[in-house]
Amino acid sequence: MHPLERKLFSPLPCALFFLSLLFVPPSQAGNIASDFIDSDKPLLHKSNPSDSDDERLSQAFSHFSCGYLSMLERNRFTEYTSKELVRAIELDPSEEMPMRILLSQWMPDGTFAAQSGQLIEIAKRHPELIYLNLVSASGLIANNKTDEAKELLLECYRANMVQKNNLSELKHFPTLVLTLFDLLQKTSDFSTGEEIYDDLDGVSGVSDNFEFRKTAAIFFSTASEKTEDAFLSWTKSRYSRKFDENLAASQKFWGDKLEKGVGKFEQGDFNNLGSIIEILGNMKDFDKSEEMVLGILLQNPDNSAAISFLAKIYSDSGRHELSRRAWAKIVEKSPDKPYYLYHLAHEYLLTGNLEKAVEYFNKCLELNPSMKAAIYQLGVAYFELEQLDKAIETMSKIPEVPISSYIKAMCHGRRKEYPAAVSALLQAEQTAKDIGEKDFLGREFYLTLAGYYEKCGETDRLLDLLGTLDAQYPDDPEISNFLGYMLADMNRDLKRAKDLIEKALSKEPANIAYLDSMAWVLYRLGNYTRAKEFISDAISLSASQLDPVIADHAGDIFWALGENEKALKFWNLAIETPNDDVKTEEVRKKIRETEAAPSK
């Protein structure tokens with residue numbers, strides 16, 4: 001797979017995922033609110049309201065009723081409904097129903113990030129209210145304010161820890177803890193996470209459940225991995241020990257479940273198994289993962305969920321042929337499941353059976369035409385098969401995925417359609433910027449773009465880009481050499497060119513391309529004797545066929561020194577093998593003129 005390939009589908013950030021478990025789907029919002037109104041239980045209530053609460057709660061209920069009845073009357077969610085529900089929350093922030101109805105609208109229509117700000121200030125005034133703070137923190141995360149979300153939830157956590165003996169009775173407290181672990185891991189705030197873990201370890205109703213132990217295992221695994229300073233080795237050791245403890249506890253939860261029999265498993269149990277396998281996969285402990293899954297298959301050999309886990313383990317450990325066989329068995333049983341067809345096709349792709357990969361990706365897309373991962377991988381298969389028209393057509397179906405435009409550029413490049421390749425890369429760049437994929441726009445991407453600028457003769461854009469890359473990666477020898485060579489080839493700023501190439505050679509003194517670059521800049525400077533030394537070194541290190549560009553340079557250098565026979569030898573070598581970077585007709589002209597010249 002290409003080094004720039006990225007995962008096309010990422011799960012929701014953990015906090016947003018947990019939030020998705022809390023909101024009311026739009027289709028149910030009206031029914032749930034009606035159930036509350038029709039029941040004997042007031043929709044907005046306090047268990048023991050004081051006299052001073054009565055008017056406030058009455059007003060809260062009034063605003064809720066106005067907003068809700070307006071929604072029913074108009075049969076749609078309006079700005080008025082939103083304002084009334086927010087006002088109800090301001091007056092009674094402990095009541096979840098107005099927030100649930102707001103979320104039922106904000107999340108599906110994509111306005112959650114913008115609208116959730118209305119709740120954040122309310123949450124800051126009420127750190128003790130877990131649900132309100134979870135919703136508000138999720139809004140901050142949606143707006144890329146992870147640090148603010150973390151601080152908000154830490155205040156919420158501290159406010160609720162005063163009830164340490166009754167934590168198991170606090171609704172949503174486990175979700176608060178799991179979300180905090182995720183945020184602390186993402187911000188590398190491992191010391192605070194460890195404090196929270198130590199607070200809760202052994203607390204009944206909190207630490208004695210699988211989700212807590214699994215999340216703690218992931219947290220301490222990351223903490224141990226990222227704590228590398230030798231001075232902090234004792235901290236790393238402590239993190240590792242806590243990781244081992246929580247992994248063992250997670251495995252025990254699973255083992256206890258397995259003893260009860262596979263027949264009693266629910267989907268959630270398989271999700272838990274997947275979490276353990278993911279942790280073990282990160283540790284490269286594939287044998288333990290395989291052992292756990294085989295424990296299920298011994299009881300039920302045809303369990304598709306278990307076979308799919310086994311297939312994933314085989315794939316992650318590089319045993320792609322075994323993974324392909326496992327997916328083939330699942331597909332044989334369930335040929336109408338796009339997910340299974342996709343994974344079978346992907347394993348065919350990884351094992352080099354491109355025709356079969358195309359066949360099964362197409363079957364997958366017949367059942368689910370919008371599966372972006374399958375569209376992308378199908379395009380890759382066509383690209384590898386040199387079916388470039390089909391590759392371009394396929395990748396054009398997902399222009400919102402930057403790597404698709406990158407692969408289109410590679411297709412155009414193979415067909416020597418260099419302006420089209422540049423255009424596709426610029427489209428990929430803009431798409432990546434629009435969706436915030438900063439990692440995509442790294443060194444490899446811009447070196448590729450620079451290469452196509454060179455092919456197009458876009459010299460000014462090429463030098464500007466290489467100058468930017470050199471400033472960003474000052475110690476990268478490939479970039480230093482690329483810029484130095486292009487300056488030398490264009491006969492520009494030769495002193496800078498020489499300095500750049502010397503810097504590259506100081507890191508890789510036996511690099512043939514860098515030796516050739518130094519020979520070429522010395523030739524441009526008129527120092528033919530020194531140029532001969534470097535080009536001779538490049539030639540002697542070329543174990544196989546000499547690169548035509550190096551041969552052309554050698555011919556020019558030997559000609560400048562009056563060694564015409566050697567010049568002719570290398571010029572003939574330069575045109576022996578077709579190469580886009582060698583101007584064949586110019587070389588032929590040099591050969592004719594030298595052969596026609598009188599002997600010296």
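Residues numbered from 1 in each chain as written. Predicted model: local features only at pLDDT ≥ 70, side-chain atom pairs only at ≥ 80, totals over all residues. Heavy atoms only, no water.

Peer 1: Even after reading the chapter, I still don't get the overall build of the chain, so can you show me in this structure?
Peer 2: For the chain, the helix and strand inventory stands at 32 helices and zero strands. Across the 600 residues in the chain, those meeting the buried criterion constitute 49%. Contacts in the chain between residues at least 24 apart in sequence constitute 56% of all its contacts with a sequence separation of at least 6. Summed over all atoms, the accessible surface of the chain reaches about 29,800 Å², with 49% contributed by carbon and sulfur. (Helix = DSSP H or I, 4+ residues; strand = E, 2+ residues; numbered from the N terminus. Buried < 20%, exposed > 50% of the residue type's maximum accessible area, 1.4 Å probe, protein only. Contact = heavy atoms within 4.5 Å. Areas by Shrake-Rupley, 256 points an atom, 1.4 Å probe, with all protein chains shown as cover.)

Peer 1: What exactly am I supposed to notice about the nonpolar core here?
Peer 2: A general feature of soluble globular proteins is that nonpolar side chains tend to end up buried together. Judged by nonpolar contacts, the single largest core of 180 residues is most densely connected at Phe 173, Leu 200 and Val 293. Among residues more than four places away in sequence, those in contact with Phe 173 are Ile 130, Tyr 157, Asn 160, Met 161, Leu 167, Leu 200 and Val 206. (Core = buried A, V, L, I, M, F, W, Y, C linked by side-chain atoms within 4.5 Å.)

Peer 1: What is the right way to read the layout of surface pockets from this model?
Peer 2: In this approach the atoms are scanned with a rolling probe the size of a water molecule, which exposes any empty space left behind. Taken as a whole, the second largest pocket holds about 1,300 Å³ of empty space. As for the second largest pocket, its lining consists of 41 residues, of which Glu 454, Tyr 485, Asp 489, Val 549 and Asp 581 are closest to the centre. At the level of secondary structure, the elements contributing two or more residues to the lining of the second largest pocket comprise α24 (443–456), α25 (459–472), α26 (477–489), α28 (512–524), α30 (548–560) and α32 (584–596). Per-element tally for the lining of the second largest pocket: the top contributor is α28, with eight residues. Here the lining of the second largest pocket is composed, by residue class, of 17 nonpolar, ten polar and 14 charged. (1 Å grid on protein atoms, 1.4 Å probe; cavity = no way out; pocket = protein on both sides within 12 Å on 5 of 7 lines; lining within 4 Å. Points joined across faces, edges and corners; volume = space filled by probe spheres on them. Nonpolar A, V, L, I, M, F, W, Y, C, P; charged D, E, K, R; others polar.)

Peer 1: Can you help me understand the packing of helix α10 (residues 173–186) against helix α11 (residues 190–200) in this one?
Peer 2: Between two packed helices, what matters for the description is the angle formed by their axes and the separation of those axes. Across the interface, α10 lies against α11 with an axial gap of 8 Å and an inter-helix angle of 155°. Judged by the inter-axis angle, α10 sits roughly antiparallel to α11. As α10 runs across α11, the sense of the crossing is left-handed. Along the contact surface, α10 presents Phe 173, Val 177, Leu 180, Phe 181, Leu 184 and Gln 185, while α11 presents Phe 190, Thr 192, Gly 193, Ile 196, Tyr 197 and Leu 200. The residue makeup of the contact of α10 with α11, split by class, is nine nonpolar, three polar and no charged. (Axes fitted to C-alpha atoms, helices over the stretch in contact; angles between N-to-C directions. Parallel < 35°, antiparallel > 145°, perpendicular 65-115°, else oblique. Left-handed = near helix turned anticlockwise from the far one by under 90°.)

Peer 1: I tried to follow unusual backbone geometry on my own but got confused; where do I start?
Peer 2: Trans is the prevailing form of peptide bonds, just as negative phi is the prevailing case for residues other than glycine. Although it is not a glycine, His 172 sits at a positive phi angle of roughly 75°. In this structure, His 172 sits in the loop between α9 (146–160) and α10. We classify His 172 as buried; its relative accessible area is 12%. Here the phi dihedral of Asp 493 falls at roughly 40°; this positive angle occurs in a residue that is not glycine. In this fold, Asp 493 is placed in the loop between α26 and α27 (494–507).

Peer 1: It is not clear to me how the pattern of salt bridges should be interpreted in this structure. Could you clarify?
Peer 2: Opposite charge on two side chains permits pairing when their charged atoms draw close. In this structure the tally under the stated criterion is 41 salt bridges. Of the charged contacts, one joins Glu 155 and Arg 158 as a salt bridge, the two residues approaching to 3.2 Å between their closest N and O atoms. With Glu 155 and Arg 158 both in helix α9, this residue pair falls three residues apart, about one helical turn. For Arg 158, a relative accessible area of 43% puts it in the partly exposed group. Across the pair Arg 443 and Glu 478 runs a salt bridge whose closest N-O atoms are separated by 2.5 Å. (Salt bridge = Lys/Arg side-chain N within 4 Å of Asp/Glu carboxyl O.)

Peer 1: Whenever I open this one, the packing of aromatic side chains confuses me. Can you help?
Peer 2: Each pair of aromatic rings is reported with the distance of its centres and the angle of its planes. Counted according to the given criterion, the structure contains 23 aromatic pairs. Residues Tyr 406 and Phe 440 carry aromatic rings whose centres are separated by 6.4 Å and whose planes lie at 85° to one another, so their mutual orientation is edge-to-face. Taken together, the positions of Tyr 406 in helix α22 (residues 402–414) and Phe 440 in the loop between α23 (418–435) and α24 put the pair 34 residues apart, joining distant regions of the chain. For the pair Tyr 406 and Phe 440, a shared accessibility class is recorded, and that class is buried. Summarising the aromatic geometry, the rings of Tyr 523 and Tyr 528 are spaced 5.6 Å apart at their centres and angled 45° between planes, so their arrangement reads as tilted. (Phe/Tyr/Trp six-rings, centres within 6.5 Å; stacked < 30°, edge-to-face > 60°.)

Peer 1: Before we go on, may I ask you to explain the side chain of Asp 516 in this structure?
Peer 2: Relative to the helices and strands, Asp 516 resides in helix α28. Despite its burial, Asp 516 pairs with no opposite charge; the closest candidate is Arg 524, at 11 Å N-O. Asp 516 has contacts with Tyr 485, Ile 535, Ala 538, Ile 550 and His 553, leaving out every residue within four places of it along the chain. (Lys, Arg positive; Asp, Glu negative; His and termini not counted.)

Peer 1: Where do I start with the side chain of Asn 246 in this structure?
Peer 2: Along the chain, Asn 246 turns up in helix α13 (residues 233–259). For Asn 246, a relative accessible area of 0% gives the class buried. In this structure the side chain of Asn 246 is engaged in a polar contact, spanning 2.9 Å, whose partner is the side chain of Arg 213. Residue contacts for Asn 246: discarding those within four places in its chain leaves Tyr 197, Arg 213, Ala 216, Ala 217 and Phe 220. (Polar contact = N/O pair within 3.5 Å; in protein donor to acceptor, adjacent residues only side chain to side chain.)

Peer 1: Just checking my understanding: could you explain helix α21 (residues 388–395) for this structure?
Peer 2: Side chains that are three or four residues apart share a direction in an α-helix, a result of its 3.6 residues per turn. Those residues of α21 lying buried are Leu 388, Ala 391, Ile 392, Thr 394 and Met 395. Down the axis, α21 shows its buried residues gathered within 165° of arc, on one side only. The outward face of α21, more than 90 degrees from its buried face, is lined by the exposed residues Asp 389 and Glu 393. (Arc of directions from axis to C-beta.)

Peer 1: I would appreciate a short explanation of the confidence of the model for the chain in the present structure.
Peer 2: Do not read the predicted coordinates in detail wherever pLDDT is low. In the predicted model, the chain carries a mean pLDDT of 85, and 88% of its residues have values of at least 70. Ignoring residues within four places in sequence, the model shows residues 1–47, a span with pLDDT below 50, making 87 contacts including any to other chains. (pLDDT = per-residue confidence, 0-100.)

Peer 1: Got a minute to help me understand the packing of α9 against α10 in this structure?
Peer 2: Contact geometry of α9 with α10 gives a least axis separation of 10 Å together with a crossing angle of 140°. The angle between α9 and α10 falls in the class oblique. In this structure, α9 meets α10 at a crossing whose hand is left-handed. Contact residues: α9 offers Thr 146, Ala 149, Lys 150, Leu 153, Leu 154, Cys 156, Tyr 157 and Asn 160, while α10 offers Phe 173, Leu 176, Thr 179, Leu 180, Leu 183 and Leu 184.

Peer 1: Could you clarify how one ought to interpret the environment of Thr 448 in this entry?
Peer 2: With respect to the secondary-structure elements, Thr 448 resides in helix α24. For the pair Thr 448 and Val 422, spaced 26 residues apart in sequence, the C-alpha to C-alpha distance is 9.3 Å.

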